[in-house]
Amino acid sequence: MITTVTLNAAIDKTYHVDKFIEGVVHRVHNVTSMPGGKGLNVSRVIQQVGGSTTATGFIAGKNGEFIAEALDDIQIANKFVKVNGESRLCLNILSDTTRQSTELLEPGPTVTQQHIAELSQRISELAKRSSIVAMSGSLPAGAPTSTYADLISIVKDHGALPFLDTSGEALIRGIQARPFFIKPNEDEISVLLGEPMKDELQVIKGIQQVMAQGISCVVVTLGASGSLAGYEGTCYRIEAPSVEAVNPVGCGDAFVAAMAVAFEQKHSIEDGLAYATAVATANAMTPIAGQVELEDIERLLPLVKVHVIN
Ligand code: TA6
């Protein structure tokens, strides 16, 4: 079973408009509302590809109740810690003509040390019966930048593999606890290493540097072109098939979900990287973040190329 942790859960609302223009009144012609936040997208994709998952994290208010009920409705087990205030809305405004996505992410509720202690206990219990605990997304107000590092230590103490997908100071502090897997994008690994990544060679050196710090698997996603990865000292270049992207939001979450399933099922790293790339690409082909079609994955998988670099 794969547990996901979403410290700042959201209702993901996707608005379809013809062409989003600042300062103009838009009549939204299609609206979807889904339980979101990176970790919940990870759980939804895990379930869609046939894995077993439980979601935890923080929810608040009526929006929080919507999130929990929506997960109940799709049979995703969830054990959230309720905090004061209201869970946030994350808006994704999709221009149908340009296929451009504009995201507006609310800050969400403030959590207390007591809430974090309660969630830590919840994660301890879940980690005992999980192969992997995937922690994804931004920290809510009130959570210190050391939060992920503390949770990673708890997960490792209970014999599960910690995955971490976050950014900024939370990532810098998080890797000090040596998670098993991280998936920064180019900007995030630049911040992590304190220098801009000028080319792929520098990204590979950065991956080697992070692996040397004790992180077993490092994947740097490069958007539609694919990714660069390192696993236990070996580096890989993964080429993604080109597709007509409908909605790019959530591709990173789908990648994390597929890697977790692949590791849980003990696939080879090369098969796992190819599978995760096909699942992430399939996510871009649907209008909703965290939604993939199995037939898309099946068609895309043979088109993914995984090259060993060293
Ligand atoms: O990765 C996509 C997404 O999960 C959106 O659906 C939206 O929920 C956003 O990320 C939240 O990101 P954050 O880093 O604030 O947790």
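A few points on the structure. Only a predicted model underlies this, so the values are computations on that prediction, with no experimental measurement involved. (Residues numbered from 1 in each chain as written. Predicted model: local features only at pLDDT ≥ 70, side-chain atom pairs only at ≥ 80, totals over all residues. Heavy atoms only, no water.)

### Describing the site of the ligand
- Near the ligand, the surroundings consist of Asp12, Gly37, Lys38, Asn41, Arg88, Cys90, Glu103, Gly137, Ser138, Val249, Gly250 and Asp253.
- In the environment of the ligand, an oxygen atom lies 3.0 Å from a nitrogen or oxygen atom belonging to the side chain of Asn41.
- Within the side chain of Asp253, a nitrogen or oxygen atom sits 2.9 Å from an oxygen atom of the ligand.
- Protein coverage of the free-state accessible area of the ligand, which is 390 Å², stands at 88%.
- If you list the elements that add at least two residues to the shell around the ligand, you get helix H1 (38-48) and strand E7 (88-95).
- Tallied by class, residues from the shell around the ligand come to two nonpolar, five polar and five charged. (Near = heavy atom within 4 Å. Polar contact = N/O pair within 3.5 Å; in protein donor to acceptor, adjacent residues only side chain to side chain. Areas by Shrake-Rupley, 256 points an atom, 1.4 Å probe, with all protein chains shown as cover. Helix = DSSP H or I, 4+ residues; strand = E, 2+ residues; numbered from the N terminus. Nonpolar A, V, L, I, M, F, W, Y, C, P; charged D, E, K, R; others polar.)

### Let's talk about the layout of surface pockets
- By volume, the largest pocket amounts to about 1100 Å³.
- Surrounding the largest pocket, 45 residues form its lining, Pro248, Val249, Gly250, Cys251 and Gly252 being those nearest its centre.
- Here the residues of the lining of the largest pocket are counted per class, giving 16 nonpolar, 20 polar and nine charged. (1 Å grid on protein atoms, 1.4 Å probe; cavity = no way out; pocket = protein on both sides within 12 Å on 5 of 7 lines; lining within 4 Å. Points joined across faces, edges and corners; volume = space filled by probe spheres on them.)

### Regarding the packing of H1 against helix H8 (residues 251-264)
- Direction vectors running N to C along H1 and H8 enclose 50 degrees, while the axes themselves pass 8 Å from each other. Relative to H8, H1 is oriented oblique. Between H1 and H8 the crossing geometry is right-handed. Here Lys38, Asn41, Val42, Val45 and Ile46 of H1 come into contact with H8, specifically with Asp253, Ala254, Val256, Ala257 and Val261. (Axes fitted to C-alpha atoms, helices over the stretch in contact; angles between N-to-C directions. Parallel < 35°, antiparallel > 145°, perpendicular 65-115°, else oblique. Left-handed = near helix turned anticlockwise from the far one by under 90°. Contact = heavy atoms within 4.5 Å.)

### Section: the environment of Ala160
- Inspection of the secondary structure assignment puts Ala160 in the loop between helix H4 (147-157) and strand E10 (161-165).
- For Ala160, a relative accessible area of 4% corresponds to the buried category.
- Residues Ala160 and Ala177 lie 17 residues apart in sequence; the distance between their C-alpha atoms is 14 Å.
- Once residues within four sequence positions are removed from consideration, Ala160 is found in contact with Ala127, Ser130, Ser131, Ile132, Val133 and Val155. (Buried < 20%, exposed > 50% of the residue type's maximum accessible area, 1.4 Å probe, protein only.)

### So, helix H7 (residues 200-212)
- Compared with an ideal rise of 1.5 Å per residue, which puts 13 residues at 18 Å, H7 spans 18 Å between its outermost C-alpha atoms and is within 8% of the ideal.
- Burial in H7 covers these residues: Gln202, Val203, Ile204, Gly206, Ile207, Val210 and Met211.
- For H7, the capping residue at the N-terminal end is Asp199, with a side-chain oxygen 3.2 Å from the backbone nitrogen of Leu201. (Expected span 1.5 Å × (residues − 1).)

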